[in-house]
Amino acid sequence: MQAISDFDLDSLKGLLSQLGFKSSHARTILRTFYGENPPVFPPESLLGWRLREKLSGNIKLMQTTIAGQHRSADGTIKLLVGLLDGQAVESVLMPAFRPDRAAGCISSQVGCAMGCDFCASARGGLTRNLTAGEIVEQFLYLRNQAGLLGRRLASLVFMGMGEPLHNLANVLAAIERIAHPEMGNLGWRHITVSTVGIVPAIDTLAAAKIPVHLALSLHAPDDATRTRIVPMNRRWPVAEILGAARRYQSITGRIVNIEYCMLAGVNDSLDQANLLANLMRGFPAHVNLIPHNPIGLGISGVEYRRPDATRVEHFAAILRKADLVTHVRIARGDDVAAACGQLRETTTAAVA
Ligand code: SAH
């Protein structure tokens, strides 16, 4: 049986007509589902009992469950979202500095095929793509969790498990529902899609006319270093992904974020900082330096470490001197393995 998160306006209209009801009910049904927190389906008072009964027999409220929940000392909440086939993905809610807001981080795939050596999500390879509905339900859970904390989910990043641009069609369909004013109502501008750099998909996203934020996981200014830690660099090297990022910025008008996971002795030298500053000349992107969060051994057997704080500051200073807006990301939720790169594949059985 399908869940209501599987539908957009057109497909729900189609189903209603097929069942012999007015397709105009679709808007009410979706508005109520997304408008209530937690979501409601089918709407109690708005529809006749016959339609409600028919809907309940054909579509269910949710297709996923919250199979586990971890709360960090810093207020970050990590949810283990259980899928129908026994798989699970992780979603994270981070209370913002503003007391009334929170940011969410969601997954786009079970596992990941990209193989980045310093990221826990890569270790088991890719199991499967998430459906649009499974992605949407993570957003709904995080929005509800934020509400329970007296906060509003104000932004959402696709920086959980998986490579969103390797599951582009479902990610686009989910964004459509999450952003739509009559559905999730988050707005494009509050959504960030992070990618290892799949060039044709970046161009497709730019052409899709949904001006979400793009984050590019660069991690090294030179191909030799990047290929060592990000195998996809062999397919789309530094110059090509930066070219795509520039096109994205000029087509959408959105500032691109460059993500740079700092690994001691690998990509944190001051020479590499200068190289990065040169590479970015004339491209007013923002740089996020992410000190590596521990994950144990990478696929290659290497155990990465984060540089000490002084090195990170020196690195950042070189970029800032070259007029690049540079932030150092503070780890959130690392005590419950909810920080960047620590999300990994588990099954619901693992927490039972
Ligand atoms: N596949 C996408 C989205 C998921 S990763 C991408 O590559 O962008 C989200 C961010 O977490 C990326 O910038 C990634 O480089 C970073 N990251 C991965 N492993 C990390 C780790 N162990 N410590 C800190 N950041 C990490």
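As a further point, take the site of the ligand. Residues in contact with the ligand amount to 22 residues; listed here are only the nearest, Phe-118, Ser-194, Ser-217, His-219 and Asn-293. Thr-195 has a polar backbone atom sitting 3.3 Å from an oxygen atom of the ligand. At 2.6 Å, a side-chain N or O of Ser-217 approaches an oxygen atom of the ligand. For the ligand, the accessible surface in isolation is 530 Å², of which the surrounding protein chains cover 96%. Elements with a minimum of two residues in the shell around the ligand: strand S10 (191–195), strand S12 (257–262) and strand S13 (286–291). The residue inventory of the shell around the ligand, partitioned by class, reads eleven nonpolar, nine polar and two charged.

Bringing the domain arrangement of the protein into the picture now. We note that the domain assignment places domain 1 (2–60) and domain 2 (65–351) within the protein. Distance between the C-alpha centres of domain 1 and domain 2: 33 Å. Contacts between domain 1 and domain 2 engage 15 residues on the former and twelve residues on the latter. For the domain 1 and domain 2 pair, buried surface summed over both sides reaches about 1,200 Å², with 48% attributable to carbon and sulfur atoms. A per-residue breakdown of the area domain 1 buries against domain 2 is headed by Ser-5, Tyr-34 and Asn-37, which together make up 52% of the total. Across the contact surface, domain 1 and domain 2 share two salt bridges. The salt bridge involving Arg-27 is made with Glu-182; its shortest N-O contact spans 3.0 Å.

Here the focus is the packing of aromatic side chains. Aromatic rings in a pair are described by how distant their centres are and how their planes are angled relative to each other. Enumeration according to the criterion identifies two aromatic pairs in this entry. Aromatic pair Phe-33 and Tyr-34: ring centres 4.9 Å apart, planes at 85°, arrangement edge-to-face. You can call Phe-33 buried: its relative accessible area is 0%. With 5.2 Å between their ring centres and 45° between their planes, Tyr-260 and Phe-315 make a pair best called tilted. Taken together, the residues Tyr-260 in strand S12 and Phe-315 in helix H10 (residues 309–321) connect sequence positions 55 residues apart.

Side-chain pairs of opposite charge can arise whenever the charged atoms involved come near each other. The tally for this structure, following the rule as stated, stands at nine salt bridges. Taken together, the shared-partner salt bridges in this structure form one network comprising Arg-27, Arg-31 and Glu-182.

The subject of this paragraph is the side chain of Glu-134. Tracing the sequence through the fold places Glu-134 in helix H4 (residues 132–148). For Glu-134, a relative accessible area of 6% translates into the label buried. When neighbours within four sequence positions are excluded, Glu-134 is seen to be in contact with Gln-63, Thr-64, Leu-83, Arg-128 and Asn-129.

Before going further, it helps to spend a moment on the pairing of strand S5 (residues 87–95). The buried count for S5 comes to eight of nine residues, which makes it a mostly enclosed element. When strand S4 (residues 77–82) meets S5, the two strands line up antiparallel, connected through six bridges. When the bridges of S5 are listed, Leu-80 appears paired with Glu-90. In textbook terms, the turn of a hairpin is the stretch between consecutive antiparallel strands, and for S4 and S5 this stretch comprises four residues, one of which, Gly-86, has a positive phi near 90°. In this structure, S5 lies alongside strand S6 (residues 101–105), joined through four bridges in antiparallel fashion. Counted as the bridge partner of Val-92 is Cys-105 from S6. As consecutive antiparallel partners, S5 and S6 are separated by five residues.

The rules behind each value
- Residues numbered from 1 in each chain as written.
- Predicted model: local features only at pLDDT ≥ 70, side-chain atom pairs only at ≥ 80, totals over all residues.
- Heavy atoms only, no water.
- Near = heavy atom within 4 Å.
- Polar contact = N/O pair within 3.5 Å; in protein donor to acceptor, adjacent residues only side chain to side chain.
- Areas by Shrake-Rupley, 256 points an atom, 1.4 Å probe, with all protein chains shown as cover.
- Helix = DSSP H or I, 4+ residues; strand = E, 2+ residues; numbered from the N terminus.
- Nonpolar A, V, L, I, M, F, W, Y, C, P; charged D, E, K, R; others polar.
- Domains from an automatic or database assignment.
- Contact = heavy atoms within 4.5 Å.
- Buried area = accessible area lost by both parts, 1.4 Å probe.
- Salt bridge = Lys/Arg side-chain N within 4 Å of Asp/Glu carboxyl O.
- Phe/Tyr/Trp six-rings, centres within 6.5 Å; stacked < 30°, edge-to-face > 60°.
- Buried < 20%, exposed > 50% of the residue type's maximum accessible area, 1.4 Å probe, protein only.
- Pairing = 2+ DSSP bridges.

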